[in-house]
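Each chain, written out:
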Amino acid sequence: MQAILVVAFIVSCATFTVNAGMVGGFTEQDASKPEYHEQAWKAVKGINDQASNNGPYYFVPIKVTKAHTQVVAGINTKLEVLVGESSCKKGELQAQEISSSNCQLKDGGNRALYQVTIWEKPWENFEQVNVEKIRSVESHEQF
């Protein structure tokens with residue numbers, strides 16, 4: 001009888017932990033919120049500085065496909081971002097000058113999926129952006 005109670009307790013604790021999410025872990029967010037698309041633009045310089053974008057055009061964000069946040073000493077935001085070649089050629093603009101108003105998505109250009117992590121501590125005026133290419137994306141793939 002005592003063994004059954006112990007097993008029932010463990011199962012209930014495990015179920016609660018799975019349903020509640022891990023304390024201190026990342027929490028899934030609605031990737032369609034405009035704030036995440038704005039944050040994807042913060043990563044444009046890092047994405048275009050990477051050797052993985054060795055083409056003649058800058059990449060710009062098309063869509064945020066996944067978004068997760070984590071409360072730490074500040075906020076970690078982890079995004080999966082679909083990017084595509086823009087109409088802006090490298091050498092004509094600096095990467096930090098790229099914006100949605102001056103670099104439009106190029107029809108038929110290359111696309112790729114990147115993981116972007118932004119760690120922010122606003123009270124210290126601190127922001128760290130890390131980008132990592134996940135893979136190239138074929139033109140027929142839908143997101």
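Residues numbered from 1 in each chain as written. Predicted model: local features only at pLDDT ≥ 70, side-chain atom pairs only at ≥ 80, totals over all residues. Heavy atoms only, no water.

Peer 1: Account for the pairing of strand β3 (residues 74-89), naming residues and giving values.
Peer 2: Within β3, twelve of the 16 residues are buried, leaving the element largely enclosed by the surrounding structure. As judged from the 13 bridges shared by strand β2 (residues 57-72) and β3, these two strands associate in the antiparallel manner. From the neighbouring strand, F59 faces β3, where its bridge partner is E85. Taken together, β2 and the strand that follows it, β3, pair antiparallel across an intervening segment of one residue. Relative to strand β4 (residues 111-121), β3 is paired through ten bridges, and the arrangement is antiparallel. (Buried < 20%, exposed > 50% of the residue type's maximum accessible area, 1.4 Å probe, protein only. Helix = DSSP H or I, 4+ residues; strand = E, 2+ residues; numbered from the N terminus. Pairing = 2+ DSSP bridges.)

Peer 1: Explain the packing of aromatic side chains residue by residue, including any values.
Peer 2: Scanning the model with the defined rule gives two aromatic pairs in all. On the numbers, 4.9 Å between centres and 75° between planes, the contact of W119 with F126 is edge-to-face. On the basis of relative accessible area, W119 is assigned to the partly exposed category, the value being 26%. The ring of F26 is capped by K78, whose NZ or CZ atom sits 4.3 Å from the centre of that ring. (Phe/Tyr/Trp six-rings, centres within 6.5 Å; stacked < 30°, edge-to-face > 60°. Lys NZ or Arg CZ within 6 Å of the ring centre and 35° of its normal.)

Peer 1: I'd like a rundown of the side chain of N48, residues and numbers included.
Peer 2: Take N48: it is sitting in helix α3 (residues 44-49). Within the structure, the side chain of N48 is placed 2.7 Å from the backbone nitrogen of F59, a separation counted as a polar contact. The contacts of N48, once residues within four sequence positions are left out, are N53, Y58, F59, K90, A95 and I98. (Polar contact = N/O pair within 3.5 Å; in protein donor to acceptor, adjacent residues only side chain to side chain. Contact = heavy atoms within 4.5 Å.)

Peer 1: Quick rundown of the state of the cysteines? Include the residues and the values.
Peer 2: Disulfide: a covalent bond connecting the sulfur atoms of a pair of cysteines. If you walk through the whole model with that rule in mind, you get one disulfide. Here C88 is linked by a disulfide to C103, with a sulfur-sulfur distance of 1.9 Å. An S-S torsion of about -110° defines the bridge between C88 and C103 as left-handed. Taken together, the residues span a long stretch of sequence, with C88 in strand β3 and C103 in the loop between β3 and β4 at a distance of 15 residues. Both residues of the pair, C88 and C103, count as buried. (Disulfide = S-S within 2.5 Å.)

Peer 1: So, the pairing of β2: which residues are in play, and what are the values?
Peer 2: Taken together, the three bridges between strand β1 (residues 27-29) and β2 define a ladder with antiparallel strand orientation. Opposite E28, over in β2, you have H68 as the bridge partner.

Peer 1: Any chance you could break down the side chain of Q39 for me, citing the residues and the numbers?
Peer 2: With respect to the helices and strands, the residue Q39 is situated in helix α2 (residues 34-42). Reaching out from Q39, the side chain makes a polar contact with the side chain of E120 at a distance of 3.1 Å. Dropping the residues within four chain positions of it, Q39 is found in contact with T77, L79, I118 and E120.

Peer 1: Any chance you could break down the pattern of salt bridges for me, citing the residues and the numbers?
Peer 2: Enumeration according to the criterion identifies six salt bridges in this entry. With a closest N to O distance of 2.9 Å, E120 and K42 form a salt bridge. Of this pair, E120 sits in strand β4 while K42 sits in helix α2, placing them 78 residues apart in sequence. For K42, a relative accessible area of 37% corresponds to the partly exposed category. Bridged by salt links that share partners, the residues K42, E120 and E127 form one connected network. (Salt bridge = Lys/Arg side-chain N within 4 Å of Asp/Glu carboxyl O.)

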